[in-house]
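# Commentary on secondary and tertiary structure
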Amino acid sequence: MIEFNEADDALFYSAFTYAAIGMAIVAPDGSWLKVNNALCDTIGYSAQELMSKTFQDITHPDDLDEDLRFVNQLLAGDIETYQMEKRYFHKYGDIIHILLNVSLVKNEDGSPRFFISQIQDITQKKKLESELARMAREDELTKVFNRRYFMEIATREVIRGSRFREPQALMMIDIDHFKRINDTYGHDIGDLVLRAMADECSKSLRKVDVFGRLGGEEFGALLLGTDSEVARMLAERMRMQIESLVVKTPKDSIKLTVSIGVAAFTETNMPLEALIKKADESLYEAKDTGRNKVVVSTVENVDHSPPEAMRTSFVRLEWKKEYESGCKTIDRQHQNLFLLANDLLAAIISGLPDEEVDFIAQGLMNHVLTHFREEDILYRKAGYPGADIHSRLHYSLIQDMRSTLDRFKKKQVSVGDLFTLMAIKIVKEHLLIEDRKFFPYLSPVNECQD
């Protein structure tokens, strides 16, 4: 065991012990050599209890691999320090979010002596961020998506669906005679009716569909992978379920009906606002012809694309069937990565501000991180013999992504450099060349047989 002599530096010892944030000295094998009071208060263990464990014992398993990669880089001399957000398990099972800063102290011969870790509790900050994110996407009254978030998600799905020629349908739902309910029972009961109606609509829809309140008593739903006939069936099911709904109030029981307008489309180049207008036209027809009914229309695609001579000559990543691995999980994620990379290319070509390009690149990076984690699990479970090598490639690409994005924000690299890394090196070269090496091993994996 490495010894730490407190008398060597009384000032350091005092600062270490009484620091307002968690401090720890950790051996190269992960065992705790010394911890301060703030760290013990954060995770609930006494110093003695903590010293019998390693940092691996209290680290959330989803964060452990990334942490260990940083540790190995420190030990190899590739980096001098690292910072990351991760999660610890409190002694009583709660999850604690922390900001970790780690540096390595070496012996005179250059061998690793111990790590110095600074551990800041950011649990409340993460909770606040989560709450703010929820508020940004959720309608306060009904708890479904608000108009802004519905429009954002639905726009992305319409674009994605058009690229893959996937049938979709946009549904507009409006409560019949809602003003009469408000006038008769009051706005508080009207709010109760809206919540009950939104809940019933959510139950009628599938998890993949996008549903939100667009304003007042009007709601919208984007049905994915749905042609006009299936959309009609789903809309009729929703209409009948709401018709049978009884909203109980302190004074009375209220029954209600809805009118539903549907616009079905495939491979459209119409913006979401125009599709909403088409669905609204069907909704108005449903109301004008008696209410409590469904009207479905089909949107014909009109090609307004520029002539071939006007199209960009830049490279564009096109998904082909021969790229498929046979694992639906991986193929779906790979296709999404192609789409996100093309979004980045489009942003660069159209000259969007750097802030918007950075936002799109960050979204691509987040998807890559999630994909790498899930892919790692799948090819290891399949017994791929090159798993460790492939994981190191993932780690190297993640480091490149983070470094390039950081330098792009500081205007130290160009948008071309950003695209070369995110779209060419990661999506094209890694996904289409390196990933193919483990495809033959995927057949035994249960998750790939759905």
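First, a word on what this report is: a plain description of the structure on this page. (Residues numbered from 1 in each chain as written. Predicted model: local features only at pLDDT ≥ 70, side-chain atom pairs only at ≥ 80, totals over all residues. Heavy atoms only, no water.)

### Here's the deal with the overall build of the chain
Formally: Secondary structure is summarised from DSSP: a helix means a run of H or I of at least four residues, a strand means a run of E of at least two, and numbering begins at the N terminus for each. Only protein chains enter the calculation, and the probe is 1.4 Å; a residue is then buried if its accessible area is under 20% of its type maximum, exposed if over 50%, and partly exposed in between. Working rule for contacts: check all heavy atoms of both residues, and any pair within 4.5 Å makes them a contact. Where accessible areas are quoted, they stem from the Shrake-Rupley method and a 1.4 Å probe; at the residue level, only the protein chains shown are allowed to cover. For the purpose of counting charges, residues Lys and Arg are taken to be positive, whereas Asp and Glu are taken to be negative. His and the chain ends are not included. Charge placement uses NZ in Lys and CZ in Arg. For Asp and Glu, CG and CD serve respectively.
Counting its regular elements, the chain contains 15 helices and 12 strands. Judged by the C-alpha coordinates and their principal axes, the chain covers about 90 × 65 × 45 Å. Counting only residues that meet the buried cut, the chain has 45% of its 450 residues in that class. Pairs at least 24 residues apart make up 61% of the contacts formed inside the chain by residues separated by at least 6 positions. For the chain, the accessible area works out to roughly 23900 Å², and carbon and sulfur atoms hold 51% of it. The positive charge centre, built from 57 side chains, and the negative charge centre, built from 73, are 4 Å apart in the chain.

### Overview of the environment of Leu222
Here Leu222 lies in strand E8 (residues 218–224). Separated by 52 residues in sequence, Leu222 and Leu170 have C-alpha atoms that sit 4.6 Å apart.

### A word on the sheet that holds strand E4 (residues 95–106)
For clarity, the cut-off: By this definition, two strands are paired if DSSP reports at least two bridges between them. Axis angles are defined between N-to-C directions and span 0 to 180 degrees, where every axis is a line fitted to C-alpha atoms and, for a helix, only to the segment in contact.
Pairing is antiparallel across the open sheet formed by five strands, whose spatial order is E2-E1-E5-E4-E3. Looking along the sheet, the strands with just one partner apiece sit at the ends: strand E2 (32–35) and strand E3 (81–89). Neighbour to neighbour, the strand axes of the sheet diverge by 30° on average, direction disregarded. Pairing of strand E1 (residues 22–26) with strand E5 (residues 112–121), which is carried by five bridges, proceeds in the antiparallel orientation.

### Quick notes on the sheet that holds strand E11 (residues 258–265)
The strand order across the open sheet built from five strands is E7-E8-E6-E11-E12, with neighbouring strands paired in mixed fashion. Two strands bound the open sheet, and with one partner strand each, they are strand E7 (210–215) and strand E12 (294–298). In this sheet, neighbouring strand axes are inclined to one another by 20° on average, regardless of whether the strands run parallel or antiparallel. Here five bridges tie E7 to E8, and the two strands are oriented antiparallel to one another. Each residue of the ladder has a partner; that of Phe211, found in E8, is Ala221. Strands in contact with helix H10 (residues 228–243) are strand E6 (168–175), E8, E11 and E12; relative to E11, the strand with the most contacts, it is inclined by about 165°. Relative to E11, helix H11 (residues 272–288) is tilted by about 140°, and along the sheet it contacts E6, E8, E11 and E12.

### Here we look at the pairing of E12
We count it as follows: Handedness of a crossover: with both strands directed away from the viewer, a clockwise path from the first strand across the helix to the second marks it as right-handed.
Where E11 meets E12, five bridges bridge the pair, whose relative direction is parallel. Looking across to E12, one finds that Ala263 is bridged to Ser297. Note that the unit made of E11, H11 and E12 has a crossover that is left-handed.

### Notes on the environment of Ala196
Checked against the element boundaries, Ala196 lands in helix H9 (residues 187–204). A C-alpha to C-alpha distance of 11 Å links Ala196 and Thr249, two positions 53 residues apart in sequence. If sequence neighbours within four positions are ignored, Ala196 has contacts with Leu245 and Val247.

### Structural notes on helix H7 (residues 147–163)
Selection criterion: Take the residue count of a helix, subtract one, and multiply by 1.5 Å to get its expected span.
Over its 17 residues, H7 runs 24 Å from end to end, which matches the ideal 24 Å to within 8%, given 1.5 Å per residue. Those residues of H7 that fall on the buried side of the exposure criterion are Phe150, Met151, Ile153, Ala154, Glu157, Val158, Arg160, Gly161 and Ser162. Arg165, located one to two residues past H7, shows a positive phi value of around 55°.

### Here we look at the packing of H9 against H10
Rules: Left-handed describes a crossing whose near helix is turned anticlockwise from the far helix by less than a right angle; the clockwise case is right-handed. Only Asp, Glu, Lys and Arg are considered charged, only Ala, Val, Leu, Ile, Met, Phe, Trp, Tyr, Cys and Pro nonpolar, and every remaining residue, Gly among them, polar.
Contact geometry of H9 with H10 gives a least axis separation of 9 Å together with a crossing angle of 140°. The interaxial crossing formed by H9 with H10 has right-handed handedness. Listed contacts from H10 to Met197, Glu200, Cys201 and Ser204 of H9 are Arg237, Met238, Gln241 and Ile242. Split by residue class, the contact of H9 with H10 holds four nonpolar, two polar and two charged.

### Describing a nonpolar patch on the surface
We count it as follows: Only residues whose relative accessible area exceeds 30% and that form no salt bridge enter a patch; like-charged residues are grouped when within 9 Å of one another, and nonpolar side chains (Val, Leu, Ile, Met, Phe, Trp, Tyr) when within 5 Å. By convention in these notes, a salt bridge is any Lys or Arg side-chain nitrogen within 4 Å of a carboxyl oxygen on Asp or Glu.
Residues Leu128, Leu132 and Met135 make up a contiguous nonpolar surface patch of about 310 Å² in total accessible area. Looking at the element boundaries, Leu128 is found in helix H6 (residues 123–137).

### Observations concerning the nonpolar core
Applied cut-off: The criterion is simple. A nonpolar core is a set of buried Ala, Val, Leu, Ile, Met, Phe, Trp, Tyr and Cys residues joined through side-chain atoms within 4.5 Å.
Counting residues in each nonpolar core, the largest one holds 34 residues, and the members touching the most others are Met171, Ile173, Met197, Phe211, Ile260 and Val262. Contributing elements (two or more residues each) for this core: E6, helix H8 (178–185), H9, E8, H10, E11 and E12. By residue number, the principal contributor to this core is H9, which donates six residues. Once residues lying within four places of it in the same chain are set aside, the contact partners of Ile260 are Met171, Met172, Ile173, Ala235, Met238, Arg239, Leu283, Ala286, Lys293, Val294 and Val295. Formed by 32 residues, the second largest nonpolar core is a distinct cluster that contains Tyr323, Phe338, Ile348 and Leu418.

These figures capture arrangement, not role.
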